Amino acid sequence: MSSYAGVSGDNPTRIIRRSGWARQCALTFLAAIGIMLASCFPALCQSAPTLESQVIGDLSLAVVTPVGDDLEIAYADILSFRVPLNAGYLIYERIDSRGVRNLCLANYNSSGIDFELMIDLFPLETESVTSLDMMARGLLSAGTRSQAIDSRSIEISGVPGFDVTARGIMYDRVMPKGETRMVFLTDFSTGVTLTLVGRQDNPEKHTIAMNGILSTLQFTDQ
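The rules behind the values
Residues numbered from 1 in each chain as written. Predicted model: local features only at pLDDT ≥ 70, side-chain atom pairs only at ≥ 80, totals over all residues. Heavy atoms only, no water. pLDDT = per-residue confidence, 0-100. Helix = DSSP H or I, 4+ residues; strand = E, 2+ residues; numbered from the N terminus. Contact = heavy atoms within 4.5 Å. Expected span 1.5 Å × (residues − 1). Buried < 20%, exposed > 50% of the residue type's maximum accessible area, 1.4 Å probe, protein only. Arc of directions from axis to C-beta. Pairing = 2+ DSSP bridges. Axes fitted to C-alpha atoms, helices over the stretch in contact; angles between N-to-C directions.

Averaged over the protein, the pLDDT score is 80; the fraction of residues at 70 or greater is 77%. When mean pLDDT is taken per element in the protein, strand β2 (residues 62-67) scores highest with 96 and helix α1 (residues 2-8) scores lowest with 35. Predicted confidence for residues 1-18 stays below pLDDT 50, and this span has six contacts to residues more than four positions away or in other chains. Per-residue pLDDT stays below 50 along residues 29-48; that stretch engages in zero contacts with residues further than four places along the chain or on separate chains.

Okay, structure coming up:
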């Protein structure tokens with residue numbers, strides 16, 4: 001500062017005074033910033049809030065009850081299963097193209113809906129079109145455009161059925177971006193289908209999510 005003052009010809013004392021005033025302003029400004037940061041620090045340290053699984057709208061087919069870190073979903077006193085509270089699922093009912101009300105679980109991300117799991121419970125002796133019929137019609141109408149990814153027998157909670165994953169078929173007027181997976185289970189009087197429609201192409205993630213739900217599936221006696 002002294003060399004600068006000598007070159008400019010200003011009084012060094014005046015320069016020092018001005019410097020002191022500028023320094024005081026800078027310290028005041030930094031102190032204000034520090035107070036602002038201190039007040040915001042807890043919010044900055046907190047991670048993004050975890051989306052909790054929740055019920056959207058009124059349910060007429062199922063009853064949802066919090067149980068610890070899970071939500072227990074009881075469907076018509078016949079089957080029940082749990083989903084993690086921190087999974088961020090949306091649980092709701094919607095009417096499909098057949099006019100049938102279905103229980104649904106959906107998962108969303110920043111790009112929109114990721115997948116939708118439709119759960120349909122029905123008596124085997126029925127004249128109405130079931131979700132199982134819809135899957136069969138989708139395979140037949142797709143013809144050679146469809147591709148079977150996986151097909152196997154399955155048993156959950158002592159109830160037998162089959163597990164089919166296909167690509168290139170339309171289900172409930174929706175053409176999935178990835179795959180459609182259906183798990184059909186029956187006690188030979190009542191059938192239940194769990195149809196996973198992938199809206200975004202992430203089959204590995206969808207498989208993990210559905211397997212997690214299937215692992216908690218339990219059937220109760222009427």
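Now, onward.
Our next topic: helix α3 (residues 131-142). Between its first and last C-alpha, α3 extends 16 Å over 12 residues, near the 16 Å set by a 1.5 Å rise per residue. For α3, the full list of buried residues reads S131, M134, M135, G138 and A142. Buried residues of α3 fall within an arc of 100 degrees about the axis and therefore sit on the same side. Opposite the packed face of α3, turned more than 90 degrees from it, sit the exposed residues R137 and L140. Buried-residue contacts for α3 involve β7 (112-123), β9 (159-167), β10 (180-186) and β11 (190-198). Immediately downstream of α3, the backbone of G143 shows phi near 60 degrees, a positive value.

One open sheet accounts for eight strands, arranged β1-β5-β6-β7-β11-β10-β9-β8; its pairing is mixed. Each edge of the open sheet carries a strand with a single partner, namely β1 (54-55) and β8 (147-156). The sheet contact formed by strand β5 (residues 89-95) and strand β6 (residues 101-109) spans seven bridges and is antiparallel. Each residue of the ladder has a partner; that of Y89, found in β6, is N107. Across the face of the sheet, α3 comes into contact with β7, β9, β10 and β11 while running at roughly 140 degrees to β10.

Of note in this structure, D172 is not a glycine but carries a positive phi near 50 degrees. Its location among the elements puts D172 in the loop between β9 and β10. On the basis of relative accessibility, which here comes to 10%, the residue D172 falls in the buried class.

What the four strands build is an open sheet, ordered β2-β3-β4-β12; its pairing is antiparallel. One side of each edge strand has no neighbouring strand; the edge strands of this open sheet are β2 and β12 (218-219). Relative to β12, strand β4 (residues 79-84) is paired through two bridges, and the arrangement is antiparallel. What sits directly across from S80, in β12, is Q218.

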